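Residues per chain, in single letters:
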Amino acid sequence: MPERNWAGNVRYAAARRHRPTGLDELRRLVAGSDRIRAVGTGHSFNRLGDTAGDLVSLAGLPQTVEVDRERATVTVAAAMRYGDLATRLHAAGYALPTMASLPHISVAGAVATATHGSGDGIGNLATAVSALELVTADGDLLTVRRDADGDRFAGMVVALGALGVVTRLTLDVVPAFEVRQYVRLGLPRAALDEAFASAYSVSLFTDWRGGADPRGTAGRRDDRIDQVWRKQLADAPPPPADWLGTTAAAGPVHPVPGMPARNCTAQLGEPGPWHERLPHFRLGFTPSSGDELQSEYHLPRAAAAGALGALDPLADRIAAVLQVCELRTVAADGLWLSPQYGRDSLAVHFTWIGDGDAVAPVLAEVERALAPFTPRPHWGKVFTLDPAAVAAAYPRFADFAALARELDPAGKFRTDLLDRYLPR
């Protein structure tokens, strides 16, 4: 089990570390612990998954994948990586509706933090969950289902690890499909909405630095997006040569300038299976060195133009400590702690340099600029928003706090971050 998270900015403080090989062993461990947290692939950038007590990895439990063709679902072990699940699922003729940028992340960790891909009509990864199994504070095994537990279920999916240790999840699946990926350069910001609506999944990348217009016009292009990654169904027509005033990338590219494109999924319109196109990065490659910090804020979809305009005065400050900024859309859902609860959303994601001291003051300015738009943070990224403002942004926040007190009255699954943002 690693000493630090993937990015290296969090050293785990656990007094004891465990890797149980069976469910009964895990249940005994949870029942006998005063403080315990599960750790997955370590892709959280804050201390949400840290504890001074027992840290447990579920990678030693059987990594099962059970497809139910009648119900069109798959039940999967919590520690399974999405890329490994997708490979097995595709071989069975099925797909997940969406994937995150990285296929390297664990299913349970991504669901617990409402991690997402992109698409105007596509929800986050947690919206595919139809059932989950978890070990509660007293070591009991609890299963909750969407069709049987209704509103309570909606409070238990995106749960930040605060309700128990999730061991298995059941996900909705669809028939396998193929995707083509095209990268376009220099999108006018005025065409942002049209670009997002143009394909199955669309991601936009900018470095906030400006530069020459790709068509040769002199001067800065502060209102242009550097890259558009269009992930379209394979039978859809390719974008025309002059699509929305952009130009086609001459060859494969990486979202971060200077990084090798071989780490990325295939581009240039080459058709391929859903799980090899919807992520930005290939499972067999490490996407970057890990020397980075990440922040992400989810805003009302209708506020996209205003929010980006509010960040424009900070462009130089942002660019000085930024590797790349990604813009994505995510459909609304009804999961209590989902950043997309009740509203279609624009996700503004910052991949910063790995210098926390340099990033901190810029992050504070970004949060102040976005405050009028009721930002909801990605739970697994770096953020410093006021706890009262975060609570006010979620209509069911008090309901979740009550649920956490009910299922974990002694605070066994608490962390310092949860104590700050979800006080008892």
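My aim in this report is to walk through the structure given alongside it, one point at a time. (Residues numbered from 1 in each chain as written. Predicted model: local features only at pLDDT ≥ 70, side-chain atom pairs only at ≥ 80, totals over all residues. Heavy atoms only, no water.)

For the rest of this paragraph, the subject is the sheet that holds strand E1 (residues 16-18). Taken together, 3 strands build an open sheet; the order of strands is E1-E3-E2 and the sheet is parallel. Pairing within the sheet leaves two strands with one partner each, and these edge strands are E1 and strand E2 (36-39). Ignoring which end each strand starts from, the neighbouring axes of this sheet average 25° apart. (Pairing = 2+ DSSP bridges. Helix = DSSP H or I, 4+ residues; strand = E, 2+ residues; numbered from the N terminus. Axes fitted to C-alpha atoms, helices over the stretch in contact; angles between N-to-C directions.)

Two elements in contact, helix H6 (residues 304-311) and helix H8 (residues 356-370), have axes separated by 9 Å at closest approach and are oriented at 140°. In terms of axis orientation, H6 runs oblique to H8. Read as a crossing pair, H6 and H8 show a hand that is right-handed. Only Val366, Ala369 and Leu370 of H8 make contact with H6, whose side of the interface consists of Ala307, Ala310 and Leu311. In terms of residue class, the contact of H6 with H8 is built from 6 nonpolar, no polar and no charged. (Parallel < 35°, antiparallel > 145°, perpendicular 65-115°, else oblique. Left-handed = near helix turned anticlockwise from the far one by under 90°. Contact = heavy atoms within 4.5 Å. Nonpolar A, V, L, I, M, F, W, Y, C, P; charged D, E, K, R; others polar.)

Residues Phe350 and Trp352 are the most contacted members of the largest nonpolar core, which totals 125 residues. Leaving out residues up to four positions away in the same chain, Phe350 has contacts with Trp208, Leu293, Gln294, Ser295, Tyr297, Leu311, Ile318, Leu322, Val324, Cys325 and Val366. If you look at the next biggest cluster of nonpolar residues, it comprises 5 residues, including Val10, Ala14, Val39 and Leu55. (Core = buried A, V, L, I, M, F, W, Y, C linked by side-chain atoms within 4.5 Å. Buried < 20%, exposed > 50% of the residue type's maximum accessible area, 1.4 Å probe, protein only.)

Here the focus is the sheet that holds strand E7 (residues 129-135). As a general point, the strands of a sheet are linked pairwise by backbone hydrogen bonds and lie either parallel or antiparallel. Strand order in the open sheet formed by 5 strands is E4-E5-E9-E7-E8, and the pairing between neighbours is antiparallel. Lying at the two open borders of the sheet, with one neighbouring strand each, are strand E4 (65-68) and strand E8 (141-145). Neighbouring strand axes in the sheet, compared pairwise and without regard to direction, differ in orientation by 15° on average. The pairing of E7 with strand E9 (residues 165-172) spans 6 bridges and is antiparallel. When the bridges of E9 are listed, Leu132 appears paired with Leu169. Against the sheet, helix H1 (residues 23-31) engages E7, E8 and E9, with an angle of about 65° to E7. Strands in contact with helix H4 (residues 146-156) are E7, E8 and E9; relative to E8, the strand with the most contacts, it is inclined by about 105°.

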